[in-house]
Amino acid sequence: IEVSRLVAHASEADFAKGIGEFFDLTECARFLACEVMLAHYDGILAQGQNFLLYLDPRSNKFGLIPWDLDHSWGEFPFISTADRRERASLWHPWVGENQFVQRLLAVEDFKQRYKAELERLLSTLFVPERLNRRIDQLAAIVRPAIAEESRQRLEKFETAVSAQSHAGPRDGSPFDPNRPVHQLKRFIATRAQNVREQLEGKTEGVVLVRQNPMR
């Protein structure tokens, strides 16, 4: 209840002063950086779901745990387009109204922690060559099982894990089972480059809005 009051009613100064008493800001910055880097819009950034708020008994501070990430890595056709999700803004990553994230990023101390986490991810974990190798390792394990299902599913799978970008439309109706296949490596390469450019001030990124992905 106290946290809700702080987020909903505190002045900017009081919010900046008090938020660190309730939340582990470094942990929250890491959580948000991962959500934004992965362009995960079936979570806190847009849908307001697929995360858990927990109170750590050791610190008596709140933290956030992600879950149900099947629509991460830029794959969520209900929000904008594939091209825009790859270039989504780091500094305005929420869709629609999101008072909590908006207020957090207005706090300079939190913003610097968040920026540091983005930098860390770019240099250690969100590295295209590293992730591509992992995708190839996992694809080799999964491929035989998919091949047993059907030739059509295997073809889609090969497109999804391919390093070569397929031509043609990238978006379709979320309810169409034959919509274009989302390519993981394509997203990773473009997202890593775009995040770096945003951090260096070379581009502002795209502020996403809710729209029909067919438009």
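Please read these numbers as outputs of a predicted model, since none were measured by experiment.

J.: Even after reading the chapter, I still don't get the overall build of the chain, so can you show me in this structure?
T.: Scanning the chain from N- to C-terminus turns up 9 helices and 2 strands. Mapped in sequence order, the helices and strands of the chain form the string α-α-α-β-β-α-α-α-α-α-α. Radius of gyration (C-alpha) of the chain: 19 Å, near the 17 Å computed for a compact globule of 215 residues. When the backbone C-alpha atoms are referred to their principal axes, the chain occupies close to 60 × 40 × 35 Å. Put simply, of all contacts in the chain between residues at least 6 apart along the chain, 67% involve residues at least 24 apart. For the chain, the exposed surface amounts to about 12,000 Å²; the carbon and sulfur share of it is 52%. Mean positive and mean negative side-chain charge positions of the chain (29 and 30 charges, respectively) differ by 3 Å.

J.: Teacher, can you tell me more about helix H1 (residues 2-9) here?
T.: For the α-helix, the turn length of 3.6 residues means that residues three or four positions removed from each other point alike. All of the buried residues in H1 are Val3, Leu6 and Val7. Down the axis, H1 shows its buried residues gathered within 90° of arc, on one side only. The exposed residues of H1 that point more than 90 degrees off its buried face are Glu2, Arg5 and His9. Looking at the buried positions of H1, the neighbouring elements they touch are helix H2 (12-22), strand E2 (61-66) and helix H5 (99-105).

J.: Is there a simple way to explain the pattern of salt bridges in this structure?
T.: Opposite charge on two side chains permits pairing when their charged atoms draw close. For the structure on display, the rule yields 14 salt bridges. Between Glu86 and Arg87 there is a salt bridge, with its nearest N and O atoms 3.3 Å apart. Classification of Glu86 by relative accessible area gives buried; the value is 2%. Arg87 gets classed as partly exposed once you look at its relative accessible area, which sits at 30%. The salt bridge partner of Glu117 is Arg120, with a shortest N-O separation of 2.9 Å. Of this pair, Glu117 and Arg120 both sit in helix H6 (residues 108-124), separated by 3 residues, roughly a single helical turn. Here Glu117 falls in the buried class, since its relative accessible area comes to 9%. Overlapping salt bridges bring together Asp83, Glu86, Arg87 and Arg170 as one network.

Rules behind the numbers
Residues numbered from 1 in each chain as written. Predicted model: local features only at pLDDT ≥ 70, side-chain atom pairs only at ≥ 80, totals over all residues. Heavy atoms only, no water. Helix = DSSP H or I, 4+ residues; strand = E, 2+ residues; numbered from the N terminus. Rg over C-alpha atoms; globule rule 2.2 N^0.38 Å. Contact = heavy atoms within 4.5 Å. Areas by Shrake-Rupley, 256 points an atom, 1.4 Å probe, with all protein chains shown as cover. Lys, Arg positive; Asp, Glu negative; His and termini not counted. Charge placed at Lys NZ, Arg CZ, Asp CG, Glu CD. Buried < 20%, exposed > 50% of the residue type's maximum accessible area, 1.4 Å probe, protein only. Arc of directions from axis to C-beta. Salt bridge = Lys/Arg side-chain N within 4 Å of Asp/Glu carboxyl O.

These figures capture arrangement, not role.
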